[in-house]
Amino acid sequence: LPDVFLRKLMRNMEVKDRLSLRLTCRAFENLVANSHAGHFEGAFISSFTPDKFNLVLGNESFYGIEWSNEDLELRLHLMNRLFSGISIGEFDFNIDDDFTAVCFVRDLISSRLIGILGFRVDSECQLNNSLLIMSDFPNSSYTMDLCFLPETERCLSLPPMEELCIFTRSKISSELFIKLLDIHKNLDLGDLIVH
Amino acid sequence: RIYPLMRVTLTTSDGASVTVSRQLTKHSGFIEKAITDMAVDDNAVPLSAVAVDVDDATLKLVIEWLTEHRDDALPYPEKTDEERRADDIPAWDQAFVQKWDTKEDQQQTLYAVITAADKLDIKGLLDMTCKTLANKINGKTVEEMREILQLECDFTEEELAEIRKENAWCEN
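Residues numbered from 1 in each chain as written. Chains lettered and ligands numbered in written order. Predicted model: local features only at pLDDT ≥ 70, side-chain atom pairs only at ≥ 80, totals over all residues. Heavy atoms only, no water.

*Asks:* Please explain the packing of helix α6 (residues 123–137) of chain B against helix α7 (residues 142–149) of chain B as it appears in this structure.
*Replies:* For any two helices packed against each other, the geometry comes down to the angle between their axes and how far apart the axes lie. All names here are of chain B. Taken N-terminus to C-terminus, the directions of α6 and α7 make an angle of 150°; their axes are 10 Å apart at the nearest point. Between α6 and α7, the interaxial angle falls into the category roughly antiparallel. Here Leu-133, Lys-136 and Ile-137 of α6 come into contact with α7, specifically with Met-145, Ile-148 and Leu-149. Tallied by class, the residues present in the contact of α6 with α7 amount to 5 nonpolar, no polar and 1 charged. (Axes fitted to C-alpha atoms, helices over the stretch in contact; angles between N-to-C directions. Helix = DSSP H or I, 4+ residues; strand = E, 2+ residues; numbered from the N terminus. Parallel < 35°, antiparallel > 145°, perpendicular 65-115°, else oblique. Contact = heavy atoms within 4.5 Å. Nonpolar A, V, L, I, M, F, W, Y, C, P; charged D, E, K, R; others polar.)

Listed below in structure tokens is the structure:
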């Protein structure tokens, strides 16, 4: 089959099918590794369970993957053999404070085309990690669910976002509110009291 | 500028000749370029028949598809990265492909049409056949994929075991 056709075909394959295609023959194992996976509307990575994470990519869900260091290289190797590129509409992150997890996520998504990066952030540490990931994607858009209220300076230093939601029972000054409104496209303050 | 009433003769790889309306050939980048290259005046009339590297039986199928799609908009809209779906094949096209399924050599026919669409640079047909094959492969086992794609496994048992081991964390 023509090469252009095969590359087009590979953009329609789900992750599960790419895994199977790797096993068909050498030529297709190489084709899988060297072809673009196409566009996935959404992806989600979360670490609800300690030392484990869940990854959702398109229609595929992978639950309870361990963060163990010894397996990370194997996982990254597999990702590199599964596609040469991938485009993701919105990638949502909900990862804990573990820096190993952050390093893995950065390696996992490095050089990928991501439209929107969405973060759920519960602590200063997670905020730092999120900003680190954002810095890898300067051309993407961002959304953030902030579950605590950082200090004013910190709040104002956040990069412009498509949507910033602050979910905490706290108070902010009207001055800060107006400045945030000016920086971010959409601002959801939930139960936050403006005074 | 396209002259829909103008007719173009195509000669196939197995020596047959087919004359078709320019209204159909305008969807083929290859034939359009050949016509333009051979044209002697503003009417864009080719000096001779256009030779296509496609056999007569396959060309007839391509012409059948082009006839149905003669009024499709041109240029063919390039798919954006956002369009991943393969379940939007028009009903006529589905029936067109289903027709081959009654033949013993259905896979060969599909591959012949895919190759012809590529050689003749017919983007819509290439797109449709790509989705058709994607739908045939999606969710199939490795063995079924080999059968559909007519592949011979050239891995050793050790190599297969290694790939299965790599795949394992995703498959579980």
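Still to come is the rest of the account.
*Asks:* Explain unusual backbone geometry here, please?
*Replies:* The bulk of non-glycine residues show a negative phi, and the bulk of peptide bonds are trans. Residues and elements named next belong to chain B. Backbone geometry at Asp-121 places phi at a positive 55°, although glycine is not the residue there. Turning to its location among the elements, Asp-121 is positioned in the loop between α5 (106–119) and α6. We note that Gln-150 has phi near 55°; this positive angle belongs to a residue other than glycine. When you line up the elements, Gln-150 lands in the loop between α7 and α8 (157–171).

*Asks:* Help me understand the environment of Met-10 of chain A, please; the structure alone is not making it clear to me.
*Replies:* All names here are of chain A. Take Met-10: it is sitting in helix α1 (residues 3–10). The class of Met-10 is buried, set by a relative accessible area of 0%. Separated by 99 residues in the primary sequence, Met-10 and Ile-109 place their C-alpha atoms 19 Å from one another. In this view, Met-10 contacts Arg-18, Leu-21, Leu-31, Val-32, Ser-35, His-36 and Ala-37; residues no more than four positions away in its chain are not counted. (Buried < 20%, exposed > 50% of the residue type's maximum accessible area, 1.4 Å probe, protein only.)

*Asks:* So what exactly am I meant to see when it comes to the side chain of Asp-56 of chain B here?
*Replies:* On the secondary structure map, Asp-56 of chain B appears in helix α3 (residues 56–68). Those residues in contact with Asp-56 of chain B that lie beyond four places of it in its chain are Thr-12, Asp-14, Ala-16 and Val-18 of chain B.

*Asks:* Any chance you could explain the sheet that holds strand β3 (residues 50–51) of chain B here in plain terms?
*Replies:* Taken together, 3 strands build an open sheet; the order of strands is β2-β1-β3 (chain B) and the sheet is mixed. With partners counted over all chains shown, the strands left at the sheet margins are β2 (17–21) and β3 of chain B, one partner each. (Pairing = 2+ DSSP bridges.)

*Asks:* Please explain the interface of chain B and chain A as it appears in this structure.
*Replies:* It is common to give the size of an interface as the accessible area that goes away when the parts come together. Facing the 38 residues of chain B at the interface are 35 residues of chain A. Here chain B and chain A share an interface that buries about 3600 Å² over both sides, 65% of which is from carbon and sulfur atoms. Linking chain B with chain A are 3 salt bridges. Counting across the interface, chain B meets chain A through 10 residue pairs in polar contact (both at pLDDT 80 or more). (Buried area = accessible area lost by both parts, 1.4 Å probe. Salt bridge = Lys/Arg side-chain N within 4 Å of Asp/Glu carboxyl O. Polar contact = N/O pair within 3.5 Å; in protein donor to acceptor, adjacent residues only side chain to side chain.)

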